[in-house]
Amino acid sequence: MMWLKRPRLTGKFGDSSISLLRESFAEYGVSINETEGARNLKSLKMDDIDFVEAVQLVSKFTGAKIDVRNVGPSTTIDEVVALIDVARVGSS
């Protein structure tokens, strides 16, 4: 029987939101770097479910409730990072 690898983050709690997002996206085969903040989510060619699961990884790791209800294909990586930053500040 083959077991699927469960995605998880290995960073440190104090890591920047972009670092955590980059690590979570990598768990789903999507590579971004810190200079690509202006890219929109559509350009990542990432499945919607994978995107939500990747953000949930960051949420679970940080303990912050990240609201992605208004996130769409034209949302930029920087905007997602800002949502994570706001959620992290609100949870501390």
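Residues numbered from 1 in each chain as written. Predicted model: local features only at pLDDT ≥ 70, side-chain atom pairs only at ≥ 80, totals over all residues. Heavy atoms only, no water.

Student: Looking at this structure, I do not really get the packing of helix α1 (residues 17-26) against helix α2 (residues 48-62). What am I missing?
Tutor: The angle between the axes and the distance between the axes are what describe a pair of packed helices. Remark: α1 packs on α2, axes separated minimally by 9 Å, with the N-to-C direction vectors making an angle of 130 degrees. In terms of orientation, α1 lies oblique with respect to α2. Remark: the crossing between α1 and α2 carries right-handed chirality. Listed contacts from α2 to L20, L21, S24 and F25 of α1 are F51, A54, V55, L57, V58, F61 and T62. Grouping the constituent residues of the contact of α1 with α2 by class yields nine nonpolar, two polar and no charged. (Axes fitted to C-alpha atoms, helices over the stretch in contact; angles between N-to-C directions. Helix = DSSP H or I, 4+ residues; strand = E, 2+ residues; numbered from the N terminus. Parallel < 35°, antiparallel > 145°, perpendicular 65-115°, else oblique. Left-handed = near helix turned anticlockwise from the far one by under 90°. Contact = heavy atoms within 4.5 Å. Nonpolar A, V, L, I, M, F, W, Y, C, P; charged D, E, K, R; others polar.)

Student: I'm lost on the environment of K65 in this one. Help?
Tutor: Structurally, the position occupied by K65 is in the loop between α2 and α3 (77-91). What makes K65 exposed here is its relative accessible area of 74%. In contact with K65, not counting residues within four places along its chain, are S59 and A87. (Buried < 20%, exposed > 50% of the residue type's maximum accessible area, 1.4 Å probe, protein only.)

Everything listed here is a matter of geometry and, on its own, says nothing about what the molecule does.
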